[in-house]
Amino acid sequence: MSKKRSRRRPTTYKDWITEEGLEKIAGWARDGLVNEQIAENIGIHPSTLYDWQNKYPEIAEALKQGKEVVDRQVENALLKRALGYEYEEVKMIATENGGKRVEKTRKQVLPDVTAQIFWLKNRKPKEWRDWKETEITGKDGGPVELKSWVDLVVKAHEGEADPPESPA
């Protein structure tokens, strides 16, 4: 069984730097698609999309604007989870006489420690990263003198130094 080949012409950047094309690109980015998925929707290889971004500022700007919207929404949702929030739960309850009544309940979502850690590690990495820098200096604050075991043995053999202690 052979595959049918599409008879339509290959897509070019000119098809996408139109107002409609740029709106589609921005919309896909706003919907959360990554560049590889957007390239697939356009019908091109991801590397072609990256080339287009570098050559055609309109395409780069459409991607940037679309991503900014959804990135801001995710940032806001993360912050909301980190700080905790209240919301109103609304339930429709059937009554005994066949009617319905609305029941509203105020609920609270407690602050999420994981969201707080993630936020702080990304917003204040110097204060919140998992590792600390330690500076080691040599004698009188100078550089550390590194000696290999082999160098110490050779110097001892030549009488320039005492034999090294066994590392074992």
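Since the model is a prediction, treat every value here as computed from it, not as a measurement. (Residues numbered from 1 in each chain as written. Predicted model: local features only at pLDDT ≥ 70, side-chain atom pairs only at ≥ 80, totals over all residues. Heavy atoms only, no water.)

1. A word on unusual backbone geometry
Okay, step 1: Unlike most non-glycine residues, Asp 140 shows phi in positive territory, near 55°.
Okay, step 2: Mapped onto the elements, Asp 140 comes out in the loop between helix H7 (125-128) and helix H8 (149-157).
Okay, step 3: When its relative accessible area of 77% is taken as the criterion, Asp 140 is described as exposed. (Helix = DSSP H or I, 4+ residues; strand = E, 2+ residues; numbered from the N terminus. Buried < 20%, exposed > 50% of the residue type's maximum accessible area, 1.4 Å probe, protein only.)

2. What to know about the packing of aromatic side chains
Okay, step 1: Enumeration over the complete set of coordinates arrives at three aromatic pairs.
Okay, step 2: Ring centres of Trp 16 and Trp 28 lie 5.8 Å apart, and the angle between their planes is 45°; this geometry places the pair in the tilted category. On the criterion of sequence distance, the pair formed by Trp 16 in helix H1 (residues 13-16) and Trp 28 in helix H2 (residues 19-30) is long-range, its members being twelve residues apart. When sorted by exposure, Trp 16 lands in the same class as Trp 28, which is buried. (Phe/Tyr/Trp six-rings, centres within 6.5 Å; stacked < 30°, edge-to-face > 60°.)

3. Overview of helix H5 (residues 57-83)
Think of an α-helix as 3.6 residues a turn; residues three or four steps apart then line up on the same face.
Okay, step 1: Between the first and last C-alpha of H5 there are 38 Å, a value that for 27 residues agrees with the 39 Å anticipated at 1.5 Å per step.
Okay, step 2: By the burial criterion, the buried members of H5 are Ile 59, Ala 62, Leu 63, Gly 66, Val 70 and Ala 82.
Okay, step 3: Among the structural elements, H2, helix H3 (35-42), helix H4 (46-55) and helix H6 (113-123) are those in contact with the buried residues of H5. (Expected span 1.5 Å × (residues − 1). Contact = heavy atoms within 4.5 Å.)

So, to be careful, I would describe these as geometric facts and stop short of saying anything about function.
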